[in-house]
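Inside the fold
If you want the building blocks of each chain, they are given just below.
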Amino acid sequence: MSTSTDNAPATQDVDLGRVGLWSGGLGGIELGRLREVAAEIEELGFGTLWWGEAPGARETLTQALVLLGATERLVAATGIANLYMRDAAATVAGARTIAALHPGRFVLGLGVSHAPLVEGMMRKEYGKPLKTMRAYLDAMDAAPKGTPESRQPGPPVLLAALGPKMLELARDRAQGAHPYLVTVEHTQQAREALGPDRTLAVEQGAVLTTDRADGLRRARVHLEMYKGLPNYRNAWLRLGFTEDETQGDLSDRLVDALVVIGDEEAIGARVAEHHAAGADHVCLQVLGEKNGDPALDDVRRLGALTR
């Protein structure tokens, strides 16, 4: 991973590995069991473990410490830390503390979340994404440096970037981008926008089944919560999907582009397509029977893709 940018201080070098795991179900696991799960994910060979942050979930920097304390090599990556959940000074102080305790094993994924969540659940005003992110990065850079770790290289920062302007900001002000719910075509576009020297870590949904009807059902259960969020719908429209395809049940074409359904070979092939399109790292989100299901049995079967 690139360790510096023209406008940002040097950061620690972190090896994400070629394949990681993105899990939306970590917050539903009791803490003692969570430590066991993290250790098993490390043993399976996944390079990095990613998770999201939303109102009502565990505080993301604290969860990173839990996961890192339970493992020896696994990289912990917020995917993403919601900038509306804490001010910039708190974010940079917490992230640098984690990086000092576990050097080379933490990545700060940072994002602007979505207006319905911020305004509806958090009762906060949702600002223009690009302007808000730029101001937040400015505030992080300007945060006081009163501790030893604050004067040392901190963790890499990856921005949740879908559109071209946010990708440019990720190129210019961060170490790269962490696009979520995107297609292989988007990965190619993101690599072109970021240039060759920034890290591109993409999320890929996956349903491990040869029953196509069940796979489509599980994928649509997963996508239900996202289709009403403008940031994602706008990204799909930019990729050439029609208004009709992005509404209602979502078209099979869109579902297949966002979530790979099939056996281990099919999922491995999609991962390879992302790498060929320019991804440095692909984090699989393995979808279970319902939202929040960590699908650990399927994760175990997919551990072979890390080798």
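Scroll up a little and you will see the structure.
Conventions we followed
- Per chain, residue numbering runs from 1 following the sequence as it is written.
- Thresholds applied to this predicted model are a pLDDT of at least 70 for local features of residues and 80 or more for the giving and counting of side-chain atom pairs; totals over whole chains, interfaces and linings are not thresholded and use all residues.
- Hydrogens are left out, water is left out, and the side-chain values use all remaining heavy atoms of the structure.
- Note on geometry: axes are lines fitted to C-alpha atoms, helical ones only across the stretch in contact, with angles between N-to-C directions running from 0 to 180 degrees.
- Strands are runs of DSSP state E lasting at least two residues, helices are runs of H or I lasting at least four, and both sets are numbered from the N terminus onward.
- Any angle between 65 and 115 degrees counts as roughly perpendicular, while under 35 counts as roughly parallel, over 145 as roughly antiparallel, and the rest as oblique.
- Crossing handedness is read from the near helix: turned anticlockwise from the far helix by less than a right angle, it gives a left-handed crossing, and turned clockwise, a right-handed one.
- The contact criterion used throughout is that any non-hydrogen atoms of two residues lie within 4.5 Å.
- For this classification, the nonpolar set comprises Ala, Val, Leu, Ile, Met, Phe, Trp, Tyr, Cys and Pro, the charged set comprises Asp, Glu, Lys and Arg, and every other residue, Gly included, is treated as polar.
- One side-chain nitrogen of Lys or Arg within 4 Å of one carboxyl oxygen of Asp or Glu is enough to make a salt bridge.
- Pairing of aromatic rings covers Phe, Tyr and Trp, the last through its six-membered ring, and needs centres within 6.5 Å; plane angles under 30 degrees mean stacked, over 60 mean edge-to-face, and all others mean tilted.
- When accessible area is computed with a 1.4 Å probe and restricted to protein chains, residues below 20% of their type maximum are described as buried, those above 50% as exposed, and intermediate ones as partly exposed.
- As used in this structure description, the phrase polar contact means that two N or O atoms lie within 3.5 Å; if the pair is within protein, one of them must be able to donate a hydrogen and the other to accept it, and residues adjacent in sequence are counted only when both atoms belong to side chains.

Moving on, we get to the packing of helix α5 (residues 129–142) against helix α6 (residues 164–173). Relative to each other, α5 and α6 sit at 15°, their axes nearing to 10 Å. Here α5 is positioned roughly parallel relative to α6, judged by the angle of their axes. When the axes of α5 and α6 are compared, the crossing they make is right-handed. Residues Pro129, Leu130, Met133, Arg134, Leu137, Asp138 and Asp141 of α5 pack against Lys165, Met166, Leu169 and Arg173 of α6. For the contact of α5 with α6, the class distribution of residues is 6 nonpolar, no polar and 5 charged.

Here we come to the pattern of salt bridges. Following the criterion strictly, the structure yields 21 salt bridges and no others. The partner of Asp280 in a salt bridge is Arg191, and the shortest N-O contact between them spans 2.7 Å. Note that Asp280 is positioned in the loop between α11 (264–277) and β10 (281–286) and Arg191 in helix α7 (residues 184–194), a separation of 89 residues in sequence. Arg270 is paired through a salt bridge with Glu273; the nearest N and O atoms lie 3.8 Å apart. With Arg270 and Glu273 both in helix α11 and 3 residues apart, this pair spans about one turn of that helix. Via salt bridges that share partners, Asp214, Arg217, Arg218, Glu289 and Asp298 belong to a single interconnected network.

In this section: the packing of aromatic side chains. Inspection of the entire model under this criterion finds 5 aromatic pairs. A ring pair is formed by Trp22 and Tyr180, whose centres lie 5.0 Å apart and whose planes are at 55°; its orientation type is tilted. Residue Trp22 is found in strand β1 (residues 19–22), and its partner Tyr180 is found in the loop between β7 (176–177) and α7; the two are separated by 158 residues along the sequence. With relative accessibility at 7%, the residue Trp22 sits in the buried group. Consider the rings of Tyr180 and Tyr226, whose centres lie 5.5 Å apart with planes at 55°: the pair is tilted. You can see Tyr180 sitting in the loop between β7 and α7 and its partner Tyr226 sitting in the loop between α8 (212–223) and α9 (230–238), a full 46 residues away along the chain. The buried category is assigned to Tyr226, whose relative accessible area is 10%. Three or more aromatic residues joined by ring pairs form one cluster here, namely Trp22, Tyr180, Tyr226 and Tyr232.

The next point concerns unusual backbone geometry. Of all residues except glycine, most have a negative phi; of all peptide bonds, most are trans. With an omega dihedral of 15°, the bond running from Gly79 to Ile80 counts as a cis peptide bond. Mapped onto the elements, Ile80 comes out in the loop between β3 (75–78) and β4 (81–82). One non-glycine residue, Leu181, lies in positive phi territory at about 60°. For Leu181, the location among the structural elements is in the loop between β7 and α7. Owing to a relative accessible area of 2%, Leu181 belongs among the buried residues under this scheme. Although it is not a glycine, Leu250 adopts a positive phi angle of roughly 70°.

Topologically, Pro294 is positioned in the loop between β10 and α12 (296–302). Once the C-alpha coordinates of Pro294 and Ala161 are considered, the two residues, 133 residues apart in sequence, prove to be 25 Å apart. Sequence-distant contacts of Pro294, that is, excluding residues within four places in its chain, are made with Ile29 and Val299.

Another point: the side chain of Arg191. Look at Arg191 and you get buried, because its relative accessible area is 15%. Separated by 2.6 Å, the side chain of Arg191 and the backbone oxygen of Gly195 make a polar contact. Within the local environment of Arg191, its side chain forms a polar contact with the backbone oxygen of Arg198, the two atoms lying 2.9 Å apart. Not counting chain neighbours up to four residues away, the residues in contact with Arg191 comprise Pro196, Arg198, Thr199, Leu200, Ala277, Gly278 and Asp280.

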